[in-house]
Number of protein chains: 2
Amino acid sequence: MAHTEDGPRPKYQRIADTLREAIQAGQYSPGDRLPGENDLMAAHGVARMTARQALGVLRDEGLAEARKGAGVFVRSFRPLRRRGIQRLAEQQWGNGRSIWSADIGNRSLEVDQVTVSEETAPERIGAVLELAADEPACVRRRRFVLDGKPVLLATSYLPMPVVAGSEITQEDTGEGGTYARLADLGHKPVHFREEIRSRMPSKDEVARLSMSEGTPVILICRTAFTAKGRPVEVNEMTLDAASYVLEYDFDA
Amino acid sequence: MAHTEDGPRPKYQRIADTLREAIQAGQYSPGDRLPGENDLMAAHGVARMTARQALGVLRDEGLAEARKGAGVFVRSFRPLRRRGIQRLAEQQWGNGRSIWSADIGNRSLEVDQVTVSEETAPERIGAVLELAADEPACVRRRRFVLDGKPVLLATSYLPMPVVAGSEITQEDTGEGGTYARLADLGHKPVHFREEIRSRMPSKDEVARLSMSEGTPVILICRTAFTAKGRPVEVNEMTLDAASYVLEYDFDA
């Protein structure tokens, strides 16, 4: 029972706290209209500016969004659940299912942009893939859309000497996707490393992911290794943080 | 080789791209001064406003920071690497090491604030812990500081009926921490679920974590289960995203 260092909280913060708790308790559901400035002024006996600041706090936190002329509403957060570990389990891609299908249940996650090219990989990628200076990478760039909203940009790098001539160099990689093809080629991925960061998006990312103001991106860099420890793919993913919950389940 | 939808990029974006690539290639290291507005105007033949916008892009992305009167510098990103899975492996907490020690190598991560209390858990936590309406939770709130900078807030909830009378209700939980004590009590955690989100911080979080502008928080909600599947701890963590890389390693 040690030191708490809370000073007195300003009034607008306490009003925001009350609204936040009501949202978290389910008293207001996603899409519901929150009390407006006039309501808050009457209920808490505060000035308009204070009421406005309270609603501003919730907007800044991404809990609420203003709709012009209509008021402030609880933001819908109906995220995709990306299960890192189950998702990559062999039984999923081993039998022809895409590794993405586990994400979405009955919601339709679709690739709406694909490019495949042969390129010199950026230095950081070349280093991880252990590419010789003259070895190019096969680069697969995809954008994924959920219910019409782009949610994920993925850029996948594979050593060209490994994948040349396979369907991995095509837009459509066939049943089971890239990992099933790597297995066909004798480079079955069996070990994975995922590294996760978060930052504010670039203007370019805001545009490509149609992101709302004040929303960060989650970056996942996934490296796939064969049983011999050879790295065969690096996939740099950029996720709209408002659209995703990542989940990892594991044993001690 | 499909549709690319890139239009012509504005000049300031292209200058920002050049600087970004130079930073990523290590041409400028963390703490280095970037070319100033005058340098960029001369090098690229652009107006001051364009040079300023280019530097603004890098600042908005968290890659660079302005220091008053001194210029724009490459931001230090020397993050903690939090290894989700190895970190919770039994050999670590089983022999008296704190689960946090794997994070830090020779850097000193310290708890600078701790409170322990008996409380009614919020509904979402009570539901996960399967608490009866009248069962309180033991709530452990800690702040972790690295090199003097707060980086992590952790609020841990445990069922009071399980932990009453143990060191878990004390500030100092003893060798091996909470998980070793749960094992002593016959509730050894063996399975973990971590759920990860990211959002902008609340004003309160900005203050408690001394966060820089334009930096999101990463939220990790970890649930620990016994071999019988009983949830014995929910730990809600709030991380300064500028201070952390999360890592998960696993097999297919």
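Residues numbered from 1 in each chain as written. Chains lettered and ligands numbered in written order. Predicted model: local features only at pLDDT ≥ 70, side-chain atom pairs only at ≥ 80, totals over all residues. Heavy atoms only, no water.

**Examining the pairing of strand S5 (residues 137-146) of chain B**
Residues and elements named next belong to chain B. Defined as follows: Each residue is assigned to one of three classes by its accessible area relative to the maximum for its type, calculated with a 1.4 Å probe on protein chains only: buried under 20%, partly exposed between the two thresholds, exposed over 50%. Only runs of H or I of at least four residues qualify as helices and only runs of E of at least two qualify as strands under DSSP, and these elements are numbered from the N terminus. Paired strands are those between which DSSP finds at least two bridges.
The buried fraction of S5 amounts to nine of the ten residues, a majority that puts the element mostly inside the structure. Relative to S5, strand S4 (residues 109-119) runs antiparallel, the two sharing ten bridges. In the strand pairing of S5, serine 117 is matched with valine 139. Sheet topology places S5 next to strand S6 (residues 149-159); ten bridges connect them, and they run antiparallel. Looking at the pairing, arginine 140 lines up with serine 156 of S6.

**As for the sheet that holds strand S3 (residues 80-83) of chain B**
In plain terms, the rule: For helices, the axis comes from a line fit to the C-alpha atoms of the stretch in contact; other axes are also lines fit to C-alpha atoms, and the angle between any two N-to-C directions lies between 0 and 180 degrees. The contact definition used throughout considers only heavy atoms, calling two residues in contact when any of these lie within 4.5 Å.
The strand order S4(A)-S5(A)-S6(A)-S9(A)-S8(A)-S7(A)-S10(B)-S3(B) describes an open sheet built from eight strands, whose pairing is mixed. Either end of the sheet is taken by a strand with one partner, and the two such strands are strand S4 (109-119) of chain A together with S3 of chain B. Along the sheet, successive strands turn relative to each other by an average axial angle of 20°, direction set aside. Across four bridges, S3 of chain B lies against strand S10 (residues 244-251) of chain B in parallel orientation. Bridge pairing in S10 of chain B links leucine 80 of chain B to tyrosine 244 of chain B. Running at roughly 145° to strand S7 (residues 189-199) of chain A, helix H9 (residues 177-184) of chain A makes contact with strand S5 (137-146), strand S6 (149-159), S7, strand S8 (217-226) and strand S9 (231-240) of chain A of the sheet.

**Overview of the domain arrangement of chain A**
Put simply, an interface is often sized by how much accessible area is lost when its parts join up. Keep this limit in mind: Marked domain ranges trace back to an automatic or database domain assignment.
Domain parsing of chain A yields domain 1 (11-74) and domain 2 (80-246). Put simply, the middle of domain 1 of chain A and the middle of domain 2 of chain A, counted by C-alpha atoms, are 39 Å apart.

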